[in-house]
Amino acid sequence: MAAALTHSNSQATAEVPSFLALADSPSWKTSRTENQTLRVLPYHAWEQLEAEIPAWEAILRHNPSLSIFSTPEWLGSWWKAFRSNKRTSILAFADADNSMVGLLLGYLEEFQGAFFTRLTGLRFVGDGTGDSDNLDLIVRPGFERACAQGLVSWLKHHKHWDVCFLNTIPRNSRAAAALVRELKRVHWPYDIESSPNSAIPLPDSWLLYVESLSPSFRPLVTRYPGRLAQRYQLRIHRCENPDDLSRKLEILFSLHKKRWNLVNQPGSFGSRERRDFYFEMGQSFLRKGWLEFWLMDLNGVPAAAQYCFRYRDVVYILQEGFDPKFAVDKPGYALRAAMLKHFIETGVKRYDFLGGLAAHKHNWGAKPGAYLNLRFARPGSAGSLYLFHTNSMAKSKEWLRVHLPKSAWNVLHRIKIHLTKRQAVSPSV
């Protein structure tokens, strides 16, 4: 469970996240942004933004801390697939020379508030479907404070939103640090919670990486690939031709479904929107040379697949699957080992598992990290009442968890699960 931090102009209840430390640091104030005045330009349709993609890409070149999840290829593909029932809320920030120095790529969507009220949330484009991580304000270095001030001022005077949800922000985001400092300055209610992620820091050689693994896990990386080659006609291949993408994606979808059906789960690709997203994004990434979509065949039969992508010196693993009939041969382990060896030899410095801290990630040498989820609202608004209510509920839940006997807590937990399932299957009126 994520560790919550609540800041309604009060002391933090847990360790201060790194971007809060940046916001409070004396060195955060720079003369370059002290009196910087920016213009805020709204875009009401994604198509309006397409003409600004060169300026957007210029910000990405100047800001190496931004990830592949801030690129036009990722966010444009996501929006094309998932835009149904969403309204764009895109803001560009321009300096005195009319150069774009920042972007908030957002959308508006209604959600259920407390006491049967309907509220409007402002989210990052890319958020809300479980596909995106490392989302952030897209800001040219040196303009973080000015963009934060411009954003809060805009949101103060445009009241078509109730709560702003900025999720999966990197802990080292300077733009988010500036935004938190601005929220504190103008006394807006906000809270922050953390959610786990993990990544493998890759050394300079394959030998060093193998030696860093635990002795009990090492054979899965070194011996199983050789055993596969002895037992089967082994083929490992990467998708490099756009004409092959659709067929190979269908293999991934099938393998992923087989894997999750083992634990009576449907998997991620029952959604037509998500399948369309993977195809659209995959085509864009292939054109850029970013796609790392690898598959393994055993005796001509697809046995495992990993859908990754590479940006700068980082590879991100998004989805994978394997055929359970080959489970004893560990094809997924062999495929990941072959990929990691290739990535190390071609200069990749981090293999990012994205969200979660599953045990198998630790076995591969992943180190834990965290994203930060920031929520805020205008003072005295329905959104601020929502934040107060949800924070109070979270504190009450934590108090009950600590003070109730375990048996009583388990009963309450089962009741909650039962009610949630009933809500999910109830027909809408």
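Residues numbered from 1 in each chain as written. Predicted model: local features only at pLDDT ≥ 70, side-chain atom pairs only at ≥ 80, totals over all residues. Heavy atoms only, no water.

Draft legend 1. Layout of the overall build of the protein chain. Counting its regular elements, the protein chain contains 16 helices and 14 strands. Element-wise, carbon and sulfur atoms account for 53% of the exposed surface of the protein chain, whose accessible area totals about 21500 Å². (Helix = DSSP H or I, 4+ residues; strand = E, 2+ residues; numbered from the N terminus. Areas by Shrake-Rupley, 256 points an atom, 1.4 Å probe, with all protein chains shown as cover.)

Draft legend 2. Looking closely at the pattern of salt bridges. Overall, the coordinates contain 20 salt bridges when judged by the stated rule. Residue Arg375 pairs with Asp191 through a salt bridge whose shortest N-O separation is 2.8 Å. Taken together, the residues span a long stretch of sequence, with Arg375 in strand 14 (residues 367-376) and Asp191 in strand 8 (residues 190-201) at a distance of 184 residues. Across the pair, exposure class does not vary: Arg375 and Asp191 are buried alike. (Salt bridge = Lys/Arg side-chain N within 4 Å of Asp/Glu carboxyl O. Buried < 20%, exposed > 50% of the residue type's maximum accessible area, 1.4 Å probe, protein only.)

Draft legend 3. Main features of the packing of aromatic side chains. One pass over the full model with this rule turns up 37 aromatic pairs. With a centroid separation of 6.0 Å and an interplanar angle of 70°, the aromatic rings of Trp161 and Phe376 are classed as edge-to-face. Of this pair, Trp161 sits in the loop between helix 6 (144-157) and strand 7 (163-170) while Phe376 sits in strand 14; the two residues are 215 residues apart in sequence, bridging distant segments of the chain. Considering the side-chain rings of Tyr333 and Trp364, the 5.9 Å spacing of their centres and the 25° angle between planes classify their relative orientation as stacked. With Tyr333 in helix 13 (residues 331-345) and Trp364 in the loop between helix 14 (359-363) and strand 14, this residue pair connects regions lying 31 residues apart in the sequence. (Phe/Tyr/Trp six-rings, centres within 6.5 Å; stacked < 30°, edge-to-face > 60°.)

Draft legend 4. Geometry of the nonpolar core. Of all hydrophobic cores here, the largest spans 85 residues; its most connected members are Leu105, Leu179, Phe293, Tyr307, Phe309, Leu374 and Phe376. In contact with Phe293, not counting residues within four places along its chain, are His237, Arg238, Cys239, Leu245, Lys248, Leu249, Leu252, Ala305, Gln306, Tyr307 and Cys308. Listed in part, the 33 residues of the second largest apolar core include Met296, Ala304, Phe326 and Ala334. (Core = buried A, V, L, I, M, F, W, Y, C linked by side-chain atoms within 4.5 Å. Contact = heavy atoms within 4.5 Å.)

Draft legend 5. The arrangement of helix 11 (residues 242-261) in detail. Its 20 residues give helix 11 an end-to-end C-alpha distance of 29 Å, which sits within 8% of 28 Å, the value for a rise of 1.5 Å per residue. Every buried residue of helix 11 is listed here: Leu245, Lys248, Leu249, Ile251, Leu252, Phe253, Leu255 and His256. Here the buried face of helix 11 lies against strand 9 (234-238), helix 12 (272-288), strand 10 (291-298), strand 11 (301-311) and strand 12 (314-322). Its side-chain oxygen at 2.9 Å from the backbone nitrogen of Asp243, Asn241 defines the N-terminal cap of helix 11. (Expected span 1.5 Å × (residues − 1). Polar contact = N/O pair within 3.5 Å; in protein donor to acceptor, adjacent residues only side chain to side chain.)

Draft legend 6. Helix 6, seen in detail. Taking 1.5 Å per residue as the helical rise, helix 6 with its 14 residues ought to reach 20 Å, and the 20 Å between its terminal C-alpha atoms agrees with that figure. Burial within helix 6 is extensive, with 10 of its 14 residues counted as buried. Every buried residue of helix 6 is accounted for by Glu144, Arg145, Ala146, Cys147, Ala148, Gly150, Leu151, Val152, Trp154 and Leu155.

Draft legend 7. Structural context of unusual backbone geometry. Look at Asn98: it is not a glycine, yet its phi comes out positive at around 60°. In this fold, Asn98 is placed in the loop between strand 3 (87-94) and strand 4 (100-112).

Draft legend 8. Examining the environment of His237 more closely. Following the sequence through the fold, His237 ends up in strand 9. Separated by 59 residues in sequence, His237 and Met296 place their C-alpha atoms 6.5 Å apart. The contacts of His237, once residues within four sequence positions are left out, are Lys248, Phe293, Trp294, Leu295 and Asp297. In this structure the side chain of His237 is engaged in a polar contact, spanning 3.2 Å, whose partner is the side chain of Asp297.

Draft legend 9. Expanded view of the side chain of Ser70. Looking at the element boundaries, Ser70 is found in the loop between helix 4 (53-62) and helix 5 (72-82). Residue classification places Ser70 among the buried residues on the basis of a relative accessible area of 1%. Setting aside anything within four residues of it in sequence, one finds Ser70 in contact with Trp56, Leu60, Leu75, Asn134, Asp136 and Ile138.

Draft legend 10. Structural view of the packing of helix 11 against helix 12. Running from N to C, helix 11 and helix 12 point in directions that differ by 140°, and their axes come no closer than 10 Å. For the element pair helix 11 / helix 12, the angle class is oblique. Handedness of the helix 11/helix 12 crossing: right-handed. Residues Pro242, Leu245, Ser246, Leu249, Leu252 and Phe253 of helix 11 form the contact with helix 12, whose participating residues are Arg275, Tyr278, Phe279, Gly282, Gln283 and Leu286. Considering only residue class, the contact of helix 11 with helix 12 consists of 8 nonpolar, 3 polar and 1 charged. (Axes fitted to C-alpha atoms, helices over the stretch in contact; angles between N-to-C directions. Parallel < 35°, antiparallel > 145°, perpendicular 65-115°, else oblique. Left-handed = near helix turned anticlockwise from the far one by under 90°. Nonpolar A, V, L, I, M, F, W, Y, C, P; charged D, E, K, R; others polar.)

Draft legend 11. Representation of the environment of Phe285 in the model. Relative to the helices and strands, Phe285 is located in helix 12. Not counting chain neighbours up to four residues away, the residues in contact with Phe285 comprise Ile68, Glu73, Trp74, Trp290, Leu291 and Phe309.

Draft legend 12. Quick look at the environment of Glu273. Examined against the element boundaries, Glu273 turns out to sit in helix 12. Here Glu273 falls in the partly exposed class, since its relative accessible area comes to 38%. Placed 190 residues apart in sequence, Glu273 and Arg83 show a C-alpha to C-alpha distance of 9.5 Å. Beyond its immediate chain neighbours, meaning those up to four positions away, Glu273 contacts Ala81 and Phe82.

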